[in-house]
2 protein chains.
Amino acid sequence: MKQYIEQNKERFFEELFSILRIPSISAKPENKPDMVRCANRLKELLLEAGADMADVMPTSGNPVVFGRKIIDPSYKTILVYGHYDVQPPEPLEKWKTDPFEPVIHDDAIWCRGANDDKGQLFMHIKAFEFMVRSGQLKHNVKFIFEGEEEIGSPSLPEFIKQNKELLAADICLVSDTTMISDKVPSINCGMRGLAYLEVKVTGPNKDLHSGHYGGAVANPINVLCDLISSLIDKDGRITVPGFYDKVVELTPDERKMLARAPFSMDEFKEFLDINEVKGEKGYTTMERIGIRPSLDVCGIWGGYTGQGAKTVLPSEAHAKISMRLVPKQTSAEISKMFMDHFLRIAPPYVKVEVTPYESGDGFLIPISSDAYKAASRAIGEVYGIEPVPSRGGGSIPILAEFQKVLGLDPLLMGFGLERDTIHSPNESYLLRQFFGGMESIALFYRYY
Amino acid sequence: MKQYIEQNKERFFEELFSILRIPSISAKPENKPDMVRCANRLKELLLEAGADMADVMPTSGNPVVFGRKIIDPSYKTILVYGHYDVQPPEPLEKWKTDPFEPVIHDDAIWCRGANDDKGQLFMHIKAFEFMVRSGQLKHNVKFIFEGEEEIGSPSLPEFIKQNKELLAADICLVSDTTMISDKVPSINCGMRGLAYLEVKVTGPNKDLHSGHYGGAVANPINVLCDLISSLIDKDGRITVPGFYDKVVELTPDERKMLARAPFSMDEFKEFLDINEVKGEKGYTTMERIGIRPSLDVCGIWGGYTGQGAKTVLPSEAHAKISMRLVPKQTSAEISKMFMDHFLRIAPPYVKVEVTPYESGDGFLIPISSDAYKAASRAIGEVYGIEPVPSRGGGSIPILAEFQKVLGLDPLLMGFGLERDTIHSPNESYLLRQFFGGMESIALFYRYY
C-alpha cells in the first residue's frame with residue numbers, strides 16, 4: 001500500500017481536511033448542523049472509496065453514517081467503527097493554530113479531530129479503498145461512524161438494537177486509541193468504562209456581599225470543595241461506599257505481563273512537566289491508568305471568575321466529575337452509588353443536586369483470537385517489532401454494546417500517541433502513524 | 001427638607017440616573033473611559049449643588065472627584081467620602097432589568113450602584129444643596145469621591161498623603177453601609193478589614209484526556225479543593241497559622257451591647273432560603289458577621305465549564321479568596337500569612353501561585369463622640385426611634401487611611417438594607433431609605 005499512499009497523498013489530505021474543517025462538536029447544541037454536514041461528507045467518501053451503498057441514518061440524536069461492500073455472504077465480515085464528532089476545542093487561547101483549520105508541519109497534521117477520531121477513521125476508508133481498487137479485498141466490509149462518542153453515545157445502543165441485521169459481522173475493528181509509542185507499537189486489549197456526573201451546590205438564594213455575610217452563611221464553593229476533597233482518601237482511594245466491590249484484582253502473572261510494556265517515569269514526568277505522580281497507593285502508574293478505577297473533576301465553576309476582585313459570597317457552585325471504571329464495574333451502578341453518596345454527605349446548610357451525564361462500561365478483549373493475531377502480525381510487519389498487548393485508560397463506551405448486543409469482539413488497532421494531546425489544545429496526528437496505520441490495516445485484511 | 005424633596009423629586013431622579021447609567025466598573029479595564037465620564041458628571045453635580053469649587057483630580061489609577069464649600073475657616077469642616085465605581089454586574093442572566101438602566105418600581109430604584117455607592121453619595125450632594133439654598137449651612141463641607149473602592153482603593157492612600165491640606169477636616173462622613181432594617185435604624189461603629197488573594201494550581205503542563213491519565217496524575221482541581229477545604233476546620237476556624245493572634249476577644253459586656261441589635265434567625269434564614277446557618281463555633285450569627293474574621297472563596301474555575309461532558313484532566317485550577325479581618329488584624333500581615341501557608345501546604349505534585357489583590361484594615365469608631373451623638377439624634381428624629389450602634393461586616397478599606405493619615409474619625413451613616421443585595425444581581429435602594437437618608441444627613445448638619 002506504501003506506493004498507493006505515495007501516489008495519492010495529496011488527495012488523501014484534501015479529503016481528510018474536508019471533514020476536519022467541519023466543527024462537529026457533539027457537546028454543543030449550536031453545532032447540530034455541522035454534525036449533519038460531516039455525516040453527509042463521510043457518506044460521499046465511503047461511496048468514492050468503493051462502498052456498494054452508504055447512507056446517513058437518523059437516530060434519536062446525531063445521525064449515523066453506515067456504508068458497506070458485500071463481496072460474498074460466505075466471506076468473513078468486518079465492521080469498522082469510528083466517530084466523526086469531536087471534543088470542544090476550549091480553551092481556545094491555548095491553540096497555536098485555528099482548531100478547525102488543519103495544517104501540516106513538524107511531520108504531523110494539527111487540528112481538532114486530526115487523531116480523535118476523524119484522522120483514525122479516515123485510515124480505514126483509504127485502506128478499504130486500496131483493497132478494493134487493487135482487487136485484493138477478500139472480506140465483506142461494513143462501516144459505522146457515529147456522531148455522539150464524545151458525549152457517551154446516548155443514541156447508538158438503541159440504533160444497534162434496531163439494526164442487528166444490518167450490522168451483523170464477525171469482528172468490530174476500531175482505531176480510536178493510542179499506542180505506547182511509535183517505537184513500541186501496542187494493541188489495546190482492555191478499556192475502562194466511564195461514569196460522568198455534574199453536581200450543583202446551592203447556598204443562599206442570591207449572591208451575597210462577602211463582607212455582610214462572610215463567616216455566618218455557608219459558602220457553596222467552600223462546601224463543594226469540602227465534598228470533592230472527601231471523595232478521595234489519603235491513599236488515593238475513592239471513598240464512595242461499594243465503589244471497589246466489583247473491581248477485579250489482577251493476578252501477579254497478569255500484572256507481570258502488563259509490566260512488559262516499557263515505561264519511563266522520567267519521560268512521563270518530563271512530558272507532563274510534573275515533579276511527582278500521584279495515584280492509588282500500591283499500584284504503578286501504568287496500573288493506575290489501565291486496571292484501576294479513578295475519579296477526576298473535569299470542570300469546576302462558581303462565583304466571580306472575571307478579572308479583578310469581586311467580594312461576593314456566591315449562591316451556587318458547580319462541578320463536572322468523571323469516574324473511569326474497570327471491567328465488572330457497571331457505569332449504571334457506579335453512577336447511582338455516587339449520586340446516593342454525594343446526596344448523603346451533603347451538609348444541611350446547602351442544597352445539592354446531581355445530574356448523571358454520559359456513561360459506558362469497560363471491557364476486555366481475548367488476545368488469543370484470530371483477529372488479534374492477524375493485527376499483531378500486520379502491525380509487526382509495518383513497525384518491524386511485535387506489538388505489546390496493553391490496557392488503555394480511555395473509554396469507548398459503545399464497544400461494550402457491540403459485544404453485548406451483536407456478540408462482536410472489538411479489535412482496537414489504535415495509532416494515536418500521547419504526544420497527540422487529543423481532547424486538549426493543539427491536537428495532532430503524526431504522519432508516519434497516519435500512513436503506518438493505513439498500511440497496517442491493509443495488511444490486517446490480508447492476514448485475517 | 002421633606003418639602004424640598006417633594007418639590008425636587010423628579011430632578012433628583014434625573015440627576016441620579018445620569019450617573020447610574022454610566023457603567024463605572026473599576027474591576028474591568030475596558031470601562032476606564034466610563035470612570036472619567038462618571039467623575040466629570042459628579043463634578044457638575046457638585047457645582048450645581050453649590051460647591052465653591054469642584055475638580056476631577058488625577059491619581060495613579062481612576063480619578064478622584066474633589067469639591068468644597070468653605071464658609072468660615074473657624075467653622076467645623078465635614079469631609080464627605082463616597083465612591084462612584086461599582087461592582088461588575090455578573091451574573092448578567094440573573095438581572096430582571098438592564099443593570100445599567102435604572103428603573104423605579106416597588107418603592108425602590110433598581111440598578112447596579114443604586115445603593116452602593118452612587119445612590120448613597122447622591123444623598124449627600126442633595127442634603128448639601130438643601131442646606132446651601134436654604135441658607136442653613138453652618139459648616140465647611142468637602143467632598144471626596146473615589147473610583148476604586150470596589151478594587152480596594154489602590155491609588156487613594158498616596159492621593160491622601162499628597163493632599164493632606166486639601167482634605168483637612170474634623171470628621172469624615174460616609175454613607176456606604178447598611179442599617180439593621182428600616183424599622184430598626186442603626187449606626188455602624190466598626191468595620192472589618194479585607195485581604196483578597198487569587199490562587200492558581202498547575203498540574204500537568206497541558207489539558208489531558210481523563211481516561212488516558214486519570215488516576216495516575218494529580219488533578220489540579222481536586223488538589224485545589226483539598227487545599228481550600230483544609231483552610232477551615234470543623235469548628236469553622238481558619239487554619240492559617242497565626243491568623244487569630246491579634247483578634248481581640250470582646251468582653252461579655254461588649255457582646256451584650258452588640259446583642260441589643262434585634263435579630264431574627266427565622267427571618268435571616270427565610271431571606272436567604274437556607275435551612276441552617278454555618279460559622280465559627282461559639283459565636284452568634286451577628287458576632288460572626290461583626291466581630292469575627294472570615295474566609296470565603298469568592299470565585300473558582302478550572303477545566304471544562306461549558307455545556308455537556310468533556311472528559312478532561314485539566315492543567316490549571318484557580319480561585320479568588322477573600323478574608324474579612326477584625327481590628328488589629330492588618331491586611332498586610334494576614335495576606336503574607338496566607339501566602340506563606342498556602343505555598344507551604346501545596347503538595348509536591350503541583351505548582352502553586354498566590355497573587356494578592358486588594359486589601360484594607362478594619363477599624364472601630366468611638367460612639368461617645370459629638371459626631372456620633374449628632375447622627376444618632378438626627379436619625380432618631382427621622383425614624384422615630386433611637387438608632388442602635390452596630391458592627392458591620394463589610395469593608396471600606398480606605399477609611400482606616402483617613403484615620404491614620406488625616407486623623408479623621410469616620411462616621412458611618414449608612415442607609416442601605418440587606419434587601420438591596422448590593423454586589424449581586426438586581427441591586428436596589430428603597431426610596432424611603434433614599435429620602436430618609438437625605439433628611440437625616442440634613443439634620444446631622446443642624447445638630448453637629
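Residues numbered from 1 in each chain as written. Chains lettered and ligands numbered in written order. Predicted model: local features only at pLDDT ≥ 70, side-chain atom pairs only at ≥ 80, totals over all residues. Heavy atoms only, no water.

## Details of the overall build of chain A
Step number 1: Counting its secondary structure elements, chain A contains 14 helices and 18 strands.
Step number 2: For chain A, whose C-alpha radius of gyration is 23 Å, the value lies close to the compact-globule estimate of 22 Å for 448 residues.
Step number 3: Across the 448 residues in chain A, those meeting the buried criterion constitute 64%. (Helix = DSSP H or I, 4+ residues; strand = E, 2+ residues; numbered from the N terminus. Rg over C-alpha atoms; globule rule 2.2 N^0.38 Å. Buried < 20%, exposed > 50% of the residue type's maximum accessible area, 1.4 Å probe, protein only.)

## Focus: the nonpolar core
Step number 1: Formed by 68 residues in total, the largest nonpolar core has its most connected members in Phe145(B), Leu411(B), Phe434(B) and Phe444(B).
Step number 2: Apart from the residues lying within four places of it in its own chain, the contact partners of Phe434(B) are Phe13(B), Leu16(B), Ile109(B), Gly119(B), Phe122(B), Met123(B) and Tyr429(B).
Step number 3: Counting residues in hydrophobic clusters, the runner-up holds 67 residues, among them Leu42(A), Ala108(A), Phe145(A) and Tyr445(A). (Core = buried A, V, L, I, M, F, W, Y, C linked by side-chain atoms within 4.5 Å. Contact = heavy atoms within 4.5 Å.)

## Describing the relation of the copies chain A and chain B
Step number 1: Structural alignment of chain A on chain B gives an RMSD of 0.1 Å, achieved by rotating through 180 degrees and translating 0.0 Å along the axis. Such a combination of rotation and displacement between the chain copies is what one expects of a two-fold axis.
Step number 2: When the interface residues of chain A are mapped onto chain B, 100% of them again lie at the interface, so the same face is used by both copies. (Least-squares fit on C-alpha atoms with pLDDT ≥ 70 in both.)

## Topic: the packing of aromatic side chains
Step number 1: By the definition in use, this model includes 36 aromatic pairs over all chains.
Step number 2: Ring geometry for Phe143(B) and Phe145(B): centres 5.8 Å apart, planes at 55 degrees, overall tilted. Each member of the pair, Phe143(B) as well as Phe145(B), carries the same accessibility label: buried.
Step number 3: A network of ring pairs unites the aromatic residues Tyr4(A), Phe12(A), Phe13(A), Phe17(A), Phe122(A), Phe130(A), Tyr429(A), Phe434(A) and Phe435(A) as a single cluster. (Phe/Tyr/Trp six-rings, centres within 6.5 Å; stacked < 30°, edge-to-face > 60°.)

## Some thoughts on the side chain of His209(A)
Step number 1: Among the secondary structure elements, His209(A) is positioned in strand 10 (residues 208-209).
Step number 2: A polar side-chain atom of His209(A) sits 2.7 Å from the main-chain amide nitrogen of Gly211(A). (Polar contact = N/O pair within 3.5 Å; in protein donor to acceptor, adjacent residues only side chain to side chain.)

## Considering the packing of helix 1 (residues 2-20) of chain A against helix 3 (residues 118-133) of chain A
Residues and elements named next belong to chain A.
Step number 1: Between helix 1 and helix 3, whose axes approach to 11 Å, the crossing angle comes to 140 degrees. Judged by the angle between their axes, helix 1 and helix 3 are oblique. Handedness of the helix 1/helix 3 crossing: right-handed. Between helix 1 and helix 3, the contacting residues are Tyr4, Arg11, Phe12, Glu15, Leu16, Ile19 and Leu20 on the first element and Lys118, Gly119, Phe122, Lys126, Glu129, Phe130 and Arg133 on the second.
Step number 2: Of the residues belonging to the contact of helix 1 with helix 3, the class tally is seven nonpolar, one polar and six charged. (Axes fitted to C-alpha atoms, helices over the stretch in contact; angles between N-to-C directions. Parallel < 35°, antiparallel > 145°, perpendicular 65-115°, else oblique. Left-handed = near helix turned anticlockwise from the far one by under 90°. Nonpolar A, V, L, I, M, F, W, Y, C, P; charged D, E, K, R; others polar.)

## Considerations on the sheet that holds strand 18 (residues 428-430) of chain A
Residue and element names in this part refer to chain A.
Step number 1: One open sheet accounts for three strands, arranged 4-5-18; its pairing is antiparallel. Where the open sheet ends on each side, the last strands, each with one partner, are strand 4 (103-105) and strand 18. Averaged over all adjacent pairs, the angle separating strand axes in this sheet is 25 degrees, with direction ignored.
Step number 2: As defined by bridge partners, strand 5 (residues 108-110) adjoins strand 18 across three bridges and the pair is classed as antiparallel. Bridge pairing links Ile109 to Tyr429 in strand 18.
Step number 3: Packing of helix 1 onto the sheet brings it into contact with strand 4 and strand 5, and relative to strand 5 it is tilted by some 25 degrees. (Pairing = 2+ DSSP bridges.)

## Comments concerning the domain arrangement of chain A
Residue and element names in this part refer to chain A.
Step number 1: In terms of domains, chain A is made up of domain 1 (2-191 + 362-447) and domain 2 (193-247 + 293-360).
Step number 2: The distance between the C-alpha centroids of domain 1 and domain 2 comes to 34 Å.
Step number 3: Overall, the association of domain 1 and domain 2 removes approximately 680 Å² of surface from exposure, summing both partners, and the carbon and sulfur fraction of that is 51%.
Step number 4: Taken together, the connections running from domain 1 to domain 2 amount to zero salt bridges.
Step number 5: Our count for the contact surface shared by domain 1 and domain 2 stands at zero residue pairs in polar contact (both at pLDDT 80 or more).
Step number 6: Split by residue class, the side of domain 1 that touches domain 2 holds five nonpolar, five polar and two charged. (Domains from an automatic or database assignment. Buried area = accessible area lost by both parts, 1.4 Å probe. Salt bridge = Lys/Arg side-chain N within 4 Å of Asp/Glu carboxyl O.)

## Considerations on the interface of chain A and chain B
Step number 1: Each partner contributes to the interface: chain A provides 90 residues, whereas chain B provides 91 residues.
Step number 2: Applying the counting criterion to the chain A and chain B interface returns four salt bridges.
Step number 3: When the shortest N-O distance is used, the salt bridge between Lys94(A) and Glu316(B) registers 3.6 Å.
Step number 4: With ten residues, the top contributor of residues to the side of chain A that touches chain B is strand 11 (residues 294-303) of chain A.
Step number 5: In terms of residue class, the side of chain A that touches chain B is made up of 37 nonpolar, 31 polar and 22 charged.
Step number 6: Pairing of strand 11 of chain A with strand 11 (residues 294-303) of chain B involves five bridges; the strand directions are antiparallel. When the sheet's bridge partners are listed, Gly303(A) is paired in strand 11 of chain B with Gly299(B).

## Describing the pattern of salt bridges
Step number 1: Within this structure, the stated rule accounts for 64 salt bridges over all chains.
Step number 2: Glu439(B) serves as the salt-bridge partner of Lys2(B), at 3.2 Å between the closest nitrogen and oxygen. Of the two residues, Lys2(B) is situated in helix 1 (residues 2-20) and Glu439(B) in helix 14 (residues 431-447); the sequence distance between them amounts to 437 residues.
Step number 3: Connected through shared salt-bridge partners, Arg11(A), Glu15(A), Lys126(A), Glu129(A) and Arg133(A) make up one network.

## Points about helix 12 (residues 370-383) of chain A
All names here are of chain A.
Step number 1: In this model helix 12 runs 20 Å from its N-terminal to its C-terminal C-alpha over 14 residues, within 8% of the 20 Å that 1.5 Å per residue would give.
Step number 2: Along helix 12, the positions that sit buried rather than exposed are Ala371, Tyr372, Ala374, Ala375, Ser376, Ala378, Ile379, Gly380 and Tyr383.
Step number 3: In the segment just after helix 12, Gly384 is the residue with positive phi, at about 70 degrees. (Expected span 1.5 Å × (residues − 1).)

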